[in-house]
Amino acid sequence: MSADPSPPHHHLPSAALAELARGEGGPATVDRLLEAERSRRLLLLRMLDDAMDPGPAWDLLSAAQRRSPSVVDELLMYPQTGMWLATALRRLRGSVPQDEPPLWVVLGHFSALAAVAALRAELDFSIEVPVRHGRVPLPTLGCAVLPTTEPWTTATVRARGGRAEVRTADVTIGVPTAPGPARPGWHEVRRLAVGPAGRRLDVALDDLDPYRTYPQPTEPRPLSEEAVRQWRQELERAWGVLLRELPETAEAMRRGVFSLTPTPARERFRPRSVTSGDAFGGIEASEPDDAVQLAVTLVHEFQHTKLGGLLHLAPLLTDSADAGTELWYAPWRDDPRPLDGLLQGIYAFMGITRFWRAHREHADTHRAIAHFEFALWRSHVATALEQVHRHPRRTPLGAGLLDTLRGHCAQWLREPVPEEQLALARLCAADHVARWRVHHLRPPAPAVEEAVRAWLAGAGGPPTGLTAEPELVPDLSARWLDSMAMLARHRLSTAPGEPAPSEDPEKAAAHVTGALPGDALLAAGDPTAARHAYAAHLAGEPERAGAWAGLGHALEALGTEPAAAHLLRHWPERARAVHQAVSRATGSAPDPVRLAAWLAPPAGSR
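As the structure is a prediction and not an experimental result, all values here were calculated from the model. (Residues numbered from 1 in each chain as written. Predicted model: local features only at pLDDT ≥ 70, side-chain atom pairs only at ≥ 80, totals over all residues. Heavy atoms only, no water.)

Quick look at the overall build of the protein chain now. In terms of regular secondary structure, the protein chain is built from 22 helices and 16 strands. A compact globule built from 606 residues would reach a C-alpha radius of gyration of about 25 Å, and the protein chain, at 28 Å, matches this within 12%. Its C-alpha atoms put the protein chain at 90 × 55 × 55 Å along the principal axes. Looking at the protein chain as a whole, 53% of its 606 residues are labelled buried. Put simply, of all contacts in the protein chain between residues at least 6 apart along the chain, 69% involve residues at least 24 apart. Surface summary for the protein chain: the accessible area is close to 26,000 Å², and the carbon and sulfur share equals 52%. (Helix = DSSP H or I, 4+ residues; strand = E, 2+ residues; numbered from the N terminus. Rg over C-alpha atoms; globule rule 2.2 N^0.38 Å. Buried < 20%, exposed > 50% of the residue type's maximum accessible area, 1.4 Å probe, protein only. Contact = heavy atoms within 4.5 Å. Areas by Shrake-Rupley, 256 points an atom, 1.4 Å probe, with all protein chains shown as cover.)

Shown next as structure tokens:
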């Protein structure tokens, strides 16, 4: 196989850059990103060839390329090939843990790729490939299953006269060269083709390739036929939503989404999806709640795909000595994020906001939740953008992209949303940031101790030192900071005529991992009951971040204790830190509301 040591220099024209800066990108722009990705894959392949002895695999791949260049190109551009290339090079360099599988199995995947290229190019050949826990994955085709107890061994892939097989000393498994009925010992990679002619999305539903999961490889886990039918049905419906509501995005996806890796369903409204910059066009996604959720997932991950392609061509941020330690609030995460991770999230959630903006004009029974999602995500994205506005690490390209996104978000913030959904979105956005602050921010320790002394001495207010910038200390226990939004979604997803969610806050909160009874009451519009529930929770579990945040929102809604509400909504970490210190010093916990009111800044300075 020929890999040009001096590949072409790729650049994006100004029109393509303008599209990407808006969070968009049509088919022509995606094609340019793919051209650059192809050159990158060839470079990685050459680097791998220089670092190892590929044996007969390189010659076989070269022969396949001479016979059928398009076959090899398609295999090279398959997302899992990119993931394998990156994984193999990292293993060779020792930059990732040297865990299972053994290095020879990772490098031997090259032989499996060469075998697939030769099979699809209709060559006669024989080559040894790795066996992983009894399975022989052949990328894009399928996986042979062998009766072996050895975790890592080898088998032979052989083709003669149009017939192919995987063979060991004990068994031979036939390898079909075209889709067909199930065969003993063989699982094929299914393809899902959905949508009308000329607007069809054609992707592999890959449950077999070891490199289909990001960032860590996993062994094949074949789906049942029923699960495949379910995925096909949901993808068909999701694709219909995208064709109707975001046709330009859908057309670009047809050129840039190649595989979908299914994973098990998760808690309702909490799907998991992943992409990797090394696997352009691949999406790993949990089984969706419904077609709209899958459509959102496709938009979300396609945004990451486009940005990853752009980042392979030009940086958006300059390097910095503190790049790895400077952390930021990301409204869609439980943990603080580095700047490059925050930028990825901004780009992805701009796409999600755009989806909900369009979908709320088309939704029927669940229009309320579409309004809520649009209001929530535009608020979250605006918060993230304001943090990095004018950040010195932005390159000119990065500054242009972020400024353009900020301008679009500012326009969206002016669009009307029904009052009920707008108020609920504001509550959820404020609740997330308050919970995040309680978990991850620490007021200066000397100021906390001084505040304890002042409180015990009956002073009129806390020391000024408590208002100093808090220290960001990542709390690894932070989980489920989006619980209020989850409860809101449960509430809003009840269509007219359907039974209302349980009025029992314990039962309502039980549907959402991480939610408290007070959260369920507040989301349902009962701040009085929520206030009492939060106070009771803090009496028994004063460490609970969500209770401190929720108490502030309940007080705000009631309007009876504005000073405490203001402190708990904006600086809840101060209340928790001083509460803990007073409890340690006296053996008795102070009243949270009274303490928060004492800690609040004077009314004129709020």
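What follows covers the nonpolar core. Core analysis: the largest hydrophobic core is formed by 130 residues, its most contacted members being Leu242, Trp332, Ile346, Phe355, Phe372 and Tyr534. Beyond its immediate sequence surroundings of up to four residues, Tyr534 is in contact with Met484, Leu516, Gly518, Asp519, Leu522, Gly546, Ala547, Gly550, Leu551 and Ala554. (Core = buried A, V, L, I, M, F, W, Y, C linked by side-chain atoms within 4.5 Å.)

Over the atoms, a rolling probe the size of a water molecule traces out where space has been left empty. This model, assessed by the stated rule, comprises four cavities of 30 Å³ or more. Approximately 80 Å³ is the volume found for the largest cavity. Residue lining of the largest cavity: 10 residues in total, with Leu45, Leu61, Leu76, Thr81 and Leu113 positioned closest to the centre. For the lining of the largest cavity, the elements supplying multiple residues, two or more each, are helix H4 (69-77), helix H5 (79-93) and helix H6 (103-120). Broken down by element, the residue count for the lining of the largest cavity peaks at three residues, all from H4. (1 Å grid on protein atoms, 1.4 Å probe; cavity = no way out; pocket = protein on both sides within 12 Å on 5 of 7 lines; lining within 4 Å. Points joined across faces, edges and corners; volume = space filled by probe spheres on them.)

Moving on to the sheet that holds strand S12 (residues 282-286). Sheet architecture is open: five strands sit in the order S8-S9-S10-S12-S11, paired in mixed fashion. Looking at which strands have only one partner, the edges of the open sheet turn out to be strand S8 (190-194) and strand S11 (273-274). Two elements, S8 and strand S9 (residues 201-205), share five bridges in a ladder whose sense is antiparallel. Note on S9: the bridge partner recorded for Arg190 is Leu205. (Pairing = 2+ DSSP bridges.)

All right, on to the environment of Leu103 then. Topologically, Leu103 is positioned in helix H6. Sequence separation between Leu103 and Glu24 is 79 residues, and the spatial gap between their C-alpha atoms is 40 Å.

Right, let's talk about the packing of helix H7 (residues 225-245) against helix H9 (residues 291-311) for a bit. When two helices pack together, their arrangement is given by the angle between the helix axes and by the axis-to-axis distance. Closest axis-to-axis distance for the H7/H9 pair is 8 Å, and the angle between their directions is 70°. Relative to H9, the element H7 lies roughly perpendicular. For the pair H7 and H9, the sense of crossing is right-handed. Residues Trp231, Glu234, Leu235, Arg237, Ala238, Val241 and Leu242 of H7 touch H9, and the partners they reach there are Ala291, Leu294, Ala295, Leu298 and Val299. Looking at the contact of H7 with H9, its residues break down into 10 nonpolar, no polar and two charged. (Axes fitted to C-alpha atoms, helices over the stretch in contact; angles between N-to-C directions. Parallel < 35°, antiparallel > 145°, perpendicular 65-115°, else oblique. Left-handed = near helix turned anticlockwise from the far one by under 90°. Nonpolar A, V, L, I, M, F, W, Y, C, P; charged D, E, K, R; others polar.)

Attention shifts here to the pairing of S8. Judged by which residues are buried, S8 turns out to be one-sided: Arg190, Leu192 and Val194 face inward and are buried, whereas Arg191 and Ala193, on the alternate face, are not. A loop of six residues connects S8 with S9, the two strands running antiparallel in sequence, and Gly195 in this loop sits at a positive phi of about 100°.

Next up on the list: the environment of Thr140. In this fold, Thr140 is placed in the loop between strand S2 (135-138) and strand S3 (142-145). In this structure Thr140 touches Leu75, Tyr78, Val116, Arg120 and Val189, once residues within four positions along its chain are discounted.

Once that is clear, we can look at the packing of aromatic side chains. A full pass over the atoms with the stated rule returns seven aromatic pairs. For the ring pair Trp455 and Trp598, a centre distance of 5.3 Å and an interplane angle of 75° mean the geometry is edge-to-face. Note that Trp455 is positioned in helix H14 (residues 445-456) and Trp598 in helix H22 (residues 592-599), a separation of 143 residues in sequence. Residue Trp455 is classed as buried on the basis of its relative accessible area, which comes to 14%. A connected cluster of aromatic rings, assembled from ring pairs, spans Trp58, Trp84 and Phe110. (Phe/Tyr/Trp six-rings, centres within 6.5 Å; stacked < 30°, edge-to-face > 60°.)

The subject of this paragraph is the pairing of S3. As paired strands, S2 and S3 are joined by four bridges and run antiparallel to one another. Bridging from a neighbouring strand, Arg135 pairs with Val145 of S3. With antiparallel pairing between neighbouring strands as the criterion, S2 and S3 make up a hairpin whose turn holds three residues, including Thr140 at a positive phi of roughly 75°. One ladder, built from three bridges, connects S3 with strand S7 (residues 186-188); its direction is antiparallel. Along S7, the bridge assignment pairs Ala144 with Trp186.

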